[in-house]
Amino acid sequence: MQDVLEPILKTDKFSSTELNQLNQQFETTDPGEILSWVYETFGTEMVLGTGFGSSGVFLIHQLQTYGIDIPVFYLDTNLLFDSTYELKDRIEARYNIDITRVTPELSLKKQADRFGDELWKRNPNQCCFYRKVLPLRNYLSDKKAWVTGIRRSQSDTRNQVRIVDWDEENDVIKINPVAHWSGKKIWDEIHRHNLPYNPMHDEGYPSIGCIPCTQPVNASKESDDRNGRWNGTDKTECGIHFPEHYKNGS
Ligand code: SF4
């Protein structure tokens, strides 16, 4: 990868030509090697965000495998399942790491006082804005790159995701090292290395987020798509990956 890396290492910004060149190269590169490149480029100014889905677990394992010591964080909306918190604890114990908890400034009580009870039922975009989008923006404000586990095969919304991109909303480089991988490939790795995962995946929950907005569906865990999130609405994303999906919390 050296011929591509040399000119890019001199700058934090990427031209569209450089981004295109990198994306073309990374289409045939394994996630661990992509993470190594990000680490060489950004060091500890890069962070990995996870919601503890299958891709996130796999990426945390890749960090350990490749000796990449960077902060790992999650957005705690205060509405996550017990099994999600238990999985976090198991991952921390297995890899001897502390995963950073990023929380909203607005407590659930303050949110209810300001907008009424169960905002997620009436205006999930606004709820996601205060509980996910804003906390992420604040957390990334002094970072240079963030790594995510989103994949093209997860949904129609995500099917154009690039491996390296500029995140205008958060003013950072965004790296999606498994964008080009299938759910099956991720699950094969999880089973091969006996990685911890959320047992709800075995109970019909391909995607696990906040309690009020997550439902079981009739799908195998290998599908690992976005089904079961915000059922009964046309919402498919919380907005942290696709800003057009939160509409500024209005
Ligand atoms: S997923 Fe649901 S409960 Fe969680 S922040 Fe978004 S709207 Fe609120």
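Residues numbered from 1 in each chain as written. Predicted model: local features only at pLDDT ≥ 70, side-chain atom pairs only at ≥ 80, totals over all residues. Heavy atoms only, no water.

As annotated in an unreviewed UniProt entry, the chain carries the name Adenosine 5'-phosphosulfate reductase and comes from Rhodohalobacter sulfatireducens. As stated in UniProt under Subcellular location (unreviewed entry), the record for the chain gives "Cytoplasm". The UniProt entry for the chain carries this comment under Function (unreviewed entry): "Catalyzes the formation of sulfite from adenosine 5'-phosphosulfate (APS) using thioredoxin as an electron donor." (UniProt positions renumbered as here; feature names shortened; annotations may be inferred.)

With that settled, consider the packing of helix α4 (residues 54–65) against helix α9 (residues 183–192). Two numbers describe how α4 lies on α9: the axes approach to 10 Å, and their chain directions differ by 55°. Between α4 and α9, the angle falls in the class oblique. Where α4 crosses over α9, the two elements pack in a sense that is left-handed. Contact residues: Ser54, Ser55 and Phe58 in α4; Ile186, Trp187, Glu189 and Ile190 in α9. Looking at side-chain class alone, the contact of α4 with α9 contains 4 nonpolar, 2 polar and 1 charged residues. (Axes fitted to C-alpha atoms, helices over the stretch in contact; angles between N-to-C directions. Helix = DSSP H or I, 4+ residues; strand = E, 2+ residues; numbered from the N terminus. Parallel < 35°, antiparallel > 145°, perpendicular 65-115°, else oblique. Left-handed = near helix turned anticlockwise from the far one by under 90°. Contact = heavy atoms within 4.5 Å. Nonpolar A, V, L, I, M, F, W, Y, C, P; charged D, E, K, R; others polar.)

Below, the discussion takes up helix α3 (residues 31–42). Across its 12 residues, α3 extends 16 Å between first and last C-alpha, which sits within 8% of the 16 Å expected from 1.5 Å per residue. Counting buried positions over the 12 residues of α3 gives 9, a clear majority of the element. Residues of α3 that are buried: Pro31, Gly32, Ile34, Leu35, Ser36, Trp37, Val38, Thr41 and Phe42. Just beyond α3, the residue with positive phi is Gly43, at close to 55°. (Expected span 1.5 Å × (residues − 1). Buried < 20%, exposed > 50% of the residue type's maximum accessible area, 1.4 Å probe, protein only.)

What UniProt calls "binding site: [4Fe-4S] cluster" (unreviewed entry) maps, in this numbering, to Cys127, Cys128, Cys210 and Cys213. Spanning 87 residues, the annotated positions come together in the fold, the maximum distance between their C-alpha atoms being 11.0 Å. Lining the second largest cavity, out of the annotated residues just given, are Cys127, Cys128, Cys210 and Cys213. Along the chain, Cys127 falls in helix α8 (residues 124–140). For Cys127, a relative accessible area of 7% puts it in the buried group. Not counting chain neighbours up to four residues away, the residues in contact with Cys127 comprise Gln111, Leu119 and Trp120. Tracing the backbone through its elements, the reader meets Cys210 in the segment after α9. (1 Å grid on protein atoms, 1.4 Å probe; cavity = no way out; pocket = protein on both sides within 12 Å on 5 of 7 lines; lining within 4 Å.)

Moving on: the pairing of strand β5 (residues 164–167). Of the strand pairs in this sheet, β5 and strand β6 (residues 172–175) are connected by 4 bridges, and their pairing is antiparallel. From the neighbouring strand, Asp165 faces β6, where its bridge partner is Lys174. (Pairing = 2+ DSSP bridges.)

Let's shift gears to the packing of aromatic side chains. Inspection of the entire model under this criterion finds 10 aromatic pairs. Between Phe14 and Phe42 the ring centres are 6.3 Å apart and the planes differ by 50°, which places this aromatic pair in the tilted class. Linking Phe14 in the loop between α1 (2–8) and α2 (16–26) with Phe42 in helix α3, this pair joins segments that are 28 residues apart in sequence. Judged by its relative accessible area of 14%, Phe14 falls in the buried class. With 4.5 Å between their ring centres and 45° between their planes, Phe73 and Tyr139 make a pair best called tilted. Here Phe73, found in strand β2 (residues 72–75), pairs with Tyr139, found in helix α8; they are 66 residues apart in sequence, far enough to count as distant. A single burial state applies to Phe73 and to Tyr139, both of which are buried. Each residue in the set Phe14, Phe26, Trp37 and Phe42 is aromatic and connected to the rest through ring pairs, giving one cluster. Lying across the ring of Tyr139, Lys143 places its NZ or CZ 4.0 Å from the centre. Note that Lys185 overlies the ring of Trp181, its terminal NZ or CZ placed 4.4 Å from the centroid. (Phe/Tyr/Trp six-rings, centres within 6.5 Å; stacked < 30°, edge-to-face > 60°. Lys NZ or Arg CZ within 6 Å of the ring centre and 35° of its normal.)

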